[in-house]
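Take a look at the letters that make up each chain.
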Amino acid sequence: MLIDTHSHIDKEEDIEGLLIECEKNLVTEIIAISTDLESSEKNINLSSKYQNIFCAVGYHPGNIKKNDLDKLDQIENFGANDSCKAIGEIGIDYFYEGYDKDLQFEFFDKQISMAERLNKPFVIHCRDAYNDVINFLKTKKLNTKFVFHCFTEDYETAKRILNIGGLLSFTGILTFKKSHDLRELVKKIPSDSFMIETDSPYLSPEPKRGKKNNSSNLIYIAECVSRILNIPLEQIAKQIRSNSVKFFNI
Ligand SMILES: [Zn+2]
């Protein structure tokens, strides 16, 4: 029933074991997210092999090199595959010192155009760069859908994103004790404006915090949303599933 909309399962060794564990926790589909050419290729292979795994392909801003601009043609070839449902994760990241802003925007822009050509949505990684990214997206007349993955910003930022037609996606951070403001934000946004994801193997939700994360832990995030909104799990899971199915066209 639940769809993990962002998992780095190219890092997973035992895919079949993972899928069994997922099924026990009501997680029935996974979007395998990519960060470079190598993971994109791996995820295309995984999504071709397993019917409940789909993928997104693309270059993460932390992995870009000028020479790799040539490799975007190859990413686009992967992207044309039926099992590829989005371009991602792509975006802008100012967190680490020494980042190349111009190059990041070059990759971001080129991959957005790619998503438009392929008529597929794109998944945004954005860190310390919300203003720039939102303003950049505003200048474009986009025909494609997009989501800000691992959203942890404030309500004002959320509204700006929803106003330009974007979606939000929440990770296990939503379950953390200190994430009070984020949980309040979930109460204020429309129920068709967000999805959930594990971002595994990173960001394990409570009560699994500190352990290696995997897609089966998505259930804890769904339960958290159910508690926040005071809506039965089954009902909210249905809504979130429908948001994800619509977004990724699966
Ligand atoms: Zn990620």
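One can find the structure itself at the top, above this paragraph.
K.L.:
What am I meant to see in the coordination of the zinc ion here?
P.N.:
For a metal bound by four donors in a tetrahedral arrangement, the ideal donor-metal-donor angle is 109.5 degrees, while six donors in an octahedral arrangement ideally sit at 90 or 180 degrees. At the metal site, the zinc ion is ligated by His6 (NE2), His8 (NE2), Glu89 (OE) and Asp199 (OD), and these contacts range over 2.2 to 2.4 Å. The coordination sphere of the zinc ion comprises four donor atoms, whose angles at the metal cover 83 to 169 degrees; the geometry is irregular. For the zinc ion, the donor residues sit on a single chain with the sequence spacing H-x1-H-x80-E-x109-D. Placement of Glu89 in strand 4 (residues 84–93) and of Asp199 in the loop between strand 8 (194–196) and helix 8 (218–229) is noted, with a sequence separation of 110 residues between them. Assessed through its relative accessible area of 2%, Glu89 is described here as buried. Here Asp199 falls in the buried class, since its relative accessible area comes to 8%.

K.L.:
Hey, could you run me through the environment of Glu76 in this one?
P.N.:
Among the secondary structure elements, Glu76 is positioned in helix 3 (residues 72–79). Glu76 sits 147 residues away from Glu223 along the chain, and the two C-alpha atoms are 36 Å apart. Apart from the residues within four sequence positions on either side, Glu76 is in contact with Met114, Arg117 and Leu118.

K.L.:
It is not clear to me how the environment of Leu185 should be interpreted in this structure. Could you clarify?
P.N.:
Looking at where Leu185 falls in the secondary structure, it is placed in helix 7 (residues 180–188). For the pair Leu185 and Glu156, spaced 29 residues apart in sequence, the C-alpha to C-alpha distance is 9.6 Å. Dropping the residues within four chain positions of it, Leu185 is found in contact with Phe151, Glu153, Asp154, Tyr155, Ala158, Leu168 and Phe170.

Criteria and cut-off values
What you see as residue numbers is a count from 1 along each chain, following the sequence as written. Note on the predicted model: pLDDT of at least 70 is required for a residue's local features to be given, and 80 or more for side-chain atom pairs to be given and counted; whole-chain, interface and lining totals, by contrast, use all residues. Note that water and hydrogens are dropped before the side-chain values are worked out from all heavy atoms of the structure. Here the coordinating atoms are restricted to nitrogen, oxygen and sulfur within 2.8 Å of the metal centre, or 3.2 Å for Na, K and Ca, and because water is not among them the sites may look incomplete. Any site counts as irregular unless it has four donors with all angles between 85 and 135 degrees, making it tetrahedral, or four or six donors with opposite ones more than 155 degrees apart and the rest between 65 and 115, making it square planar or octahedral. Runs of H or I in DSSP of at least four residues are treated as helices and runs of E of at least two as strands, each being numbered from the N terminus. Relative accessible area decides the class of each residue, using a 1.4 Å probe on protein chains only: under 20% of the type maximum gives buried, over 50% gives exposed, and in between gives partly exposed. Any two residues whose heavy atoms approach within 4.5 Å are treated as being in contact.

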